[in-house]
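Listed below, chain by chain, are the residues.
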Amino acid sequence: MRCGQDAERQESADRALVDWVSTERTLAAFDGQPSRCRSWVESSKGEQPVDPFERAVAGLALGAERDVAKIRAMLRREEATADRPSLRKLEKVQEMRSAAEVEEALADIVRNELPPTPRNKSAAVVVEGGMSLLTCARLPLFSFLWLLPCVPCSSLAESGDREVRPCESPVSGLQALCKSIPVPENWSSPDGRTISLNVMILRGKRELRQPDPFFVLVGGPGQAASEGAGWIAAAFATILDRRDIVLIDVRGTGKSQPIQCAAYAGSGLQRFLGPAYTKESAEECSRRLMETADLKHYNSLAAVRDMEHVRLTLGYPAINLYGTSYGTRLAMAYMKEYPQHVRTAALESVFPTPVSPLVNAPLDAERTLRILIQDCERDPRCAAAFKNLRVTFQNVLNNLRIKQATVHLTLRDGKSAAINISADAFATGVRNLLYTAGTARYIPLIIERAAHGDFDAFARFTIRRGQGYEQGLSHAVFLCTACSELYGRVQEKSVLTDARSSFLGDSSTRMLLDVCRVWPHAELPASFFEPLRCDVPVLLLSGWLDPAAPPRWAEEASLHMRNSLHLVIRDGHHNFSDLSPRGCTDSIIAALVEKGRLDGLDTTCVTEMHRPEFAITPQEFPEIPIEDPGGGK
């Protein structure tokens, strides 16, 4: 399936008008009177602008007068002055390549230069309201002036969808709009039980905004996008200046009728040093949740249909996609189903649907740790401080298999807590430290301290991460998605054999296999797991040291994308927030969204990105105060 939208933009005016009439948003603009809207469209098809300058602008938009000299001659014939300011603007439009640039230039002309007729006053209202007419309709650029009478779509909060409401903003001075949008729990039975999706729309101060928003899809699976609104607004401030940023809490997460299980099977702080789930705890949780939710409908395919319903409800003609981690999988699934509505896509730490993290996780972690140790050996400071690091690490694991270690943590309130550390817990904790450069820099020092019986810093890192994992993720949604998309597509014997050859061993793999045997999950169609084939401009970003989504996954995905660019950040892990200079990849993504194409992107800053230095002494460990709130969730 192709995911380019060039053909869509080249549809005839008649086809575009028919599509426009069919949208709920347009009907709402005519007070819910379809006949009134359709009769207006029929009577307007042959209408031509009367004002000479409007005619010139319309000619440019239509593509009938691409030659600047012809436009100038047209204006002179109509006794327009050759030095009129907007003539120079028209000449500049000729040099523009993106639809967004042309649209803004034409909107500025409509607002400032056309005669003050009722028609053109209406156009100015639309433009200054912050949403162009292209937001109301799936229209090519040439329909911009033809549809000026359809003015009641000034903003999301004021028209189209009247239930969008202001809500608490994650950033001071930033406007946030929220809406609860009902969707069927089972899209095959639309009259059955419904789920209310929580949608947050971030909006900057600039009034004139582009019609194609920026949809942000976060990771997990099981994270809620709205809970990351603060960092998203900061990272993509440039995009926010000209476009809406749309955050959807995936069904079952955040405020979208959340479903939740206890994050860990144990109790107290010790639970963060043990298995995340057990077969018994999963059975108990799923049995309870199934009383009010059908867990077979909480997966990526259902989430994709939810996204499309949100797009239609909010009236966006096309969207720009950004996905990180699991969000890349969701973005690619959306592009398969609804290719005509995607303008650009940026995928960071890529999980293609044909790939199973369950199969690859242990060996990918092994690869990343090996490279990190090699980097330490090449670094003069690190190499001098830590000798034979790989051997030291293996010795720590062997000793923990013989006898667990016990660390006595001093908590924030002054009390002490005894924590047992097994070989599996230490191996899993080291893998988790590999996710960011900011924590991976401590791994050589943590291994060295563990060899001397000091597990204090390791325990603090692990518990703090576990507490965040417990609070920021719907574990029920994680299991629904993981078991639907990973379980049943693996050769169990082979997977366990590969896992045992890594430092992680096979305990985590066996745990997830056992849980998925009892967890209710959907059987997704084979087409879901096929590679995405597309023409949309797709930017793929990978960290060379990513233990969860290594660069080869993005490389395999890009083989089927005709219009893609894959950038590998040498010091990057699963995200790039701890690298310097900050904001490099975010600025490249912003440029892609602004341009609408890959050619001409300045990617030179990628070669300058570097991680912080390895920590050498215990004094470099950060302060990590720990609280014990009691038992599990």
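Residues numbered from 1 in each chain as written. Predicted model: local features only at pLDDT ≥ 70, side-chain atom pairs only at ≥ 80, totals over all residues. Heavy atoms only, no water.

How would you explain the packing of aromatic side chains if you had to name every residue and give the values?
By the definition in use, this model includes 15 aromatic pairs. For the ring pair Phe214 and Phe236, a centre distance of 5.0 Å and an interplane angle of 65 degrees mean the geometry is edge-to-face. In this pair, Phe214 is assigned in strand 4 (residues 214-217) and Phe236 in the loop between helix 10 (229-235) and helix 11 (237-242), connecting sequence segments 22 residues apart. A single burial state applies to Phe214 and to Phe236, both of which are buried. With a centroid separation of 6.2 Å and 20 degrees between ring planes, the pair formed by Tyr277 and Phe478 is classed as stacked. Taken together, the residues span a long stretch of sequence, with Tyr277 in the loop between strand 5 (245-248) and helix 12 (279-289) and Phe478 in helix 22 (residues 475-485) at a distance of 201 residues. With respect to burial, Tyr277 and Phe478 carry one shared label: buried. Pairwise contacts between aromatic rings join Phe393, Phe426, Phe455, Phe458 and Phe503 into one cluster. A cation over an aromatic ring shows up here: Arg441 above the ring of Tyr442, its NZ or CZ 4.8 Å from the ring centre. (Phe/Tyr/Trp six-rings, centres within 6.5 Å; stacked < 30°, edge-to-face > 60°. Helix = DSSP H or I, 4+ residues; strand = E, 2+ residues; numbered from the N terminus. Buried < 20%, exposed > 50% of the residue type's maximum accessible area, 1.4 Å probe, protein only. Lys NZ or Arg CZ within 6 Å of the ring centre and 35° of its normal.)

Describe the environment of Val183, naming the residues involved and giving the relevant values.
Its place among the elements puts Val183 in strand 2 (residues 175-184). Excluding residues that lie within four positions of it along the chain, Val183 makes contacts with Arg193, Thr194, Ile195, Leu197, Arg251, Asp306 and His309. (Contact = heavy atoms within 4.5 Å.)

How would you sum up the nonpolar core? Please name residues and give values.
One finds Leu321, Trp519 and Met561 to be the most contacted residues of the largest nonpolar core, which totals 68 residues. Those residues in contact with Met561 that sit more than four places away from it in its chain are Met332, Leu347, Leu532, Cys534, Val538 and Leu540. (Core = buried A, V, L, I, M, F, W, Y, C linked by side-chain atoms within 4.5 Å.)

Outline the state of the cysteines, supporting the account with residue identities and numerical values.
One pass over the structure, following the stated rule, counts five disulfides. There is a disulfide in this structure between Cys167 and Cys178, and the S-S distance comes to 2.0 Å. Its S-S torsion of about 65 degrees marks the bond between Cys167 and Cys178 as right-handed, since a negative value means left-handed. Separated by eleven residues along the polypeptide, Cys167 in the loop between strand 1 (165-166) and strand 2 and Cys178 in strand 2 bring together distant segments of the chain. Not engaged in a disulfide, the cysteine Cys480 finds its nearest cysteine sulfur in Cys483; these two sulfurs lie 7.8 Å apart. (Disulfide = S-S within 2.5 Å.)

Can you explain the side chain of Arg460? Please cite residues and give values.
With respect to the element layout, Arg460 can be found in helix 21 (residues 456-471). Overall, Arg460 belongs to the buried group, its relative accessible area being 14%. Among residues more than four places away in sequence, those in contact with Arg460 are Leu409, Thr410, Ile624, Pro625 and Ile626.

Let's hear about the sheet that holds strand 11 (residues 564-569): which residues, and what values?
As summarised here, the arrangement of the nine strands in space is 1-2-3-5-4-6-7-10-11, forming an open sheet in which the pairing is mixed. In this open sheet, the two edge strands, each paired with only one partner strand, are strand 1 and strand 11. Where strand 1 meets strand 2, two bridges bridge the pair, whose relative direction is antiparallel. Of the residues in strand 2, the one forming a bridge with Pro166 is Leu177. Against the sheet, helix 14 (residues 326-337) contacts strand 4, strand 6 (319-324) and strand 7 (342-348), and its axis sits at roughly 145 degrees relative to strand 6. (Pairing = 2+ DSSP bridges. Axes fitted to C-alpha atoms, helices over the stretch in contact; angles between N-to-C directions.)

Explain the confidence of the model for the protein to me, using residue names and the numbers behind them.
Across the protein, the average pLDDT comes to 79, with 72% of residues at or above 70. Confidence drops under a pLDDT of 50 for residues 113-162, and excluding neighbours within four residues, the segment shows 144 contacts in the predicted structure. (pLDDT = per-residue confidence, 0-100.)

Tell me about the pairing of strand 11, and please be specific about residues and values.
As paired elements, strand 10 (residues 538-543) and strand 11 share six bridges and run parallel to each other. Across the sheet, Leu540 pairs through a bridge with His566, a residue of strand 11. Regarding topology, helix 25 (residues 551-558) serves as the crossover connection from strand 10 to the parallel strand 11, and that connection is right-handed. (Right-handed = clockwise from strand over helix to strand, strands pointing away.)

Lay out the environment of Val250 with the relevant residues and their values.
For Val250, the location among the structural elements is in the loop between strand 5 and helix 12. Spatially, the C-alpha atom of Val250 lies 9.0 Å from that of Val477, the residues being 227 residues apart in sequence. Those residues in contact with Val250 that sit more than four places away from it in its chain are Ser256, Ala303 and Leu330.

Before we move on, can you summarise the pairing of strand 10 with the specific residues and values?
Most of strand 10 sits inside the fold, with six of its six residues counted as buried. Judged by which residues are buried, strand 10 turns out to be covered on both faces: Val538, Leu540 and Ser542 on one side and Leu539, Leu541 and Gly543 on the other are all buried. Note: strand 7 against strand 10, four bridges, orientation parallel. Looking across to strand 10, one finds that Leu347 is bridged to Leu540.

For the pattern of salt bridges, give the residues involved together with the corresponding values.
Tallying each qualifying case throughout the model produces 28 salt bridges. Glu470 is paired through a salt bridge with Arg271; the nearest N and O atoms lie 3.0 Å apart. Placement of the pair is Glu470 in helix 21 and Arg271 in the loop between strand 5 and helix 12, with a sequence separation of 199 residues. Classification of Glu470 by relative accessible area gives buried; the value is 5%. Two residues, Arg562 and Asp535, come together in a salt bridge whose shortest N-O distance is 3.9 Å. With Arg562 in the loop between helix 25 and strand 11 and Asp535 in the loop between helix 24 (507-518) and strand 10, this residue pair connects regions lying 27 residues apart in the sequence. The exposure class assigned to Arg562 is exposed, which follows from its relative accessible area of 67%. Owing to a relative accessible area of 19%, Asp535 belongs among the buried residues under this scheme. Each of Asp212, Arg242, Arg243, Arg343 and Glu594 takes part in a single network of salt bridges with overlapping partners. (Salt bridge = Lys/Arg side-chain N within 4 Å of Asp/Glu carboxyl O.)

Let's hear about the packing of helix 17 (residues 389-402) against helix 18 (residues 423-433): which residues, and what values?
Between helix 17 and helix 18, whose axes approach to 8 Å, the crossing angle comes to 145 degrees. Contacts from Phe393, Val396, Leu397, Leu400 and Arg401 in helix 17 reach Ala423, Phe426, Ala427 and Val430 in helix 18. In the contact of helix 17 with helix 18, the residues fall into eight nonpolar, no polar and one charged. (Nonpolar A, V, L, I, M, F, W, Y, C, P; charged D, E, K, R; others polar.)

Which residues make up unusual backbone geometry, and what values go with them?
Here the amide bond leading from Gly220 into Pro221 is cis, since omega sits at -5 degrees, within 30 degrees of zero. With respect to the helices, strands and loops of the structure, Pro221 is situated in the loop between strand 4 and helix 10. Residue Pro581 is bonded to the preceding Ser580 through a cis peptide linkage, with omega at -5 degrees. When you line up the elements, Pro581 lands in the loop between strand 11 and helix 26 (584-595). Here Asn388, not a glycine, exhibits a phi torsion of approximately 50 degrees, which is positive. Take Asn388: it is sitting in the loop between helix 16 (380-385) and helix 17.

Now, about the environment of Gly472: what can you tell me, with residues and values included?
Assignment of secondary structure puts Gly472 in the loop between helix 21 and helix 22. Given the relative accessible area of 26%, Gly472 is considered partly exposed. Considering only alpha carbons, one finds Gly472 and Thr253, 219 residues apart in sequence, at a separation of 9.3 Å. In this structure Gly472 touches Gly222, Gln223 and Glu227, once residues within four positions along its chain are discounted.

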